[in-house]
Amino acid sequence: MEKKYDFEQISQSWRFCFNGDCPMRGECLRFQTGLEIPEDRQWGQTIFSTALKDGRCDYFRKDEKVTLATGFCIAGNPSMSDAFVRMRHVLKGYLGGHGTYYLYRNGKKWLSPQQQEDIRRIFRKAGYKEEVVFGTTKETYDFT
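Cut-offs and rules
- Residues numbered from 1 in each chain as written.
- Predicted model: local features only at pLDDT ≥ 70, side-chain atom pairs only at ≥ 80, totals over all residues.
- Heavy atoms only, no water.
- Core = buried A, V, L, I, M, F, W, Y, C linked by side-chain atoms within 4.5 Å.
- Buried < 20%, exposed > 50% of the residue type's maximum accessible area, 1.4 Å probe, protein only.
- Helix = DSSP H or I, 4+ residues; strand = E, 2+ residues; numbered from the N terminus.
- Contact = heavy atoms within 4.5 Å.
- 1 Å grid on protein atoms, 1.4 Å probe; cavity = no way out; pocket = protein on both sides within 12 Å on 5 of 7 lines; lining within 4 Å.
- Points joined across faces, edges and corners; volume = space filled by probe spheres on them.
- Nonpolar A, V, L, I, M, F, W, Y, C, P; charged D, E, K, R; others polar.
- Pairing = 2+ DSSP bridges.

*Asks:* Any details on the nonpolar core? Residues and values, ideally.
*Replies:* Formed by 16 residues in total, the largest nonpolar core has its most connected members in Phe72, Leu91, Ile119 and Phe123. Elements that contribute at least two residues to this core include exactly β6 (72-74), α2 (82-95), α3 (98-105), α4 (113-125) and β8 (132-134). If we ignore the near neighbours within four places in the chain, the residues touching Leu91 are Phe72, Tyr101, Ile119, Ile122 and Phe123.

Okay, structure coming up:
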């Protein structure tokens, strides 16, 4: 059987699911990747079956390709105004701190579709009307 997923793209921190009783298992990326774990991979993180509550799981990830993006800036190159400094502080908190902010900002880490939308929302909330511009994009599974 040919593998659907490229395990070179799946980090050791990816959470797999093995809950065979989950009604969403057929369309869940976490469960489907768990079915294809290579024989040389012997350990990893997992989602417990207790995560399923009332037919819903907070860790569910749809088994579909999405558009990931690297890097971001705002059209018009905003000045170092107080608003920009405050907005950048919010972005750093959202993305995990100073170091990870710059990894995302400079295109060293991929941004999920949700992160891309959240970044747009943060810019809009700060009063920027210009569009956020992302760098490289790719269609792939979201293992972020």
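Here the narrative resumes.
*Asks:* Run through empty space enclosed by the protein, naming residues and quoting values.
*Replies:* Tallying each qualifying case throughout the model produces 1 cavity of 30 Å³ or more. Approximately 120 Å³ is the volume found for the largest cavity. Contributing to the lining of the largest cavity are 16 residues, with Cys17, Asn19, Cys22, Cys28 and Cys57 lying nearest its centre. In terms of residue class, the lining of the largest cavity is built from 12 nonpolar, 2 polar and 2 charged.

*Asks:* Requested: an account of the sheet that holds strand β7 (residues 110-111), with residues and values cited.
*Replies:* Strand order in the open sheet formed by 3 strands is β7-β5-β9, with antiparallel pairing between adjacent strands. Looking at the sheet topology across the chains shown, the edges are occupied by β7 and β9 (137-141). Bridge count for strand β5 (residues 65-70) against β9 is 5 bridges, and the pairing is antiparallel. When the bridges of β9 are listed, Thr67 appears paired with Glu139.

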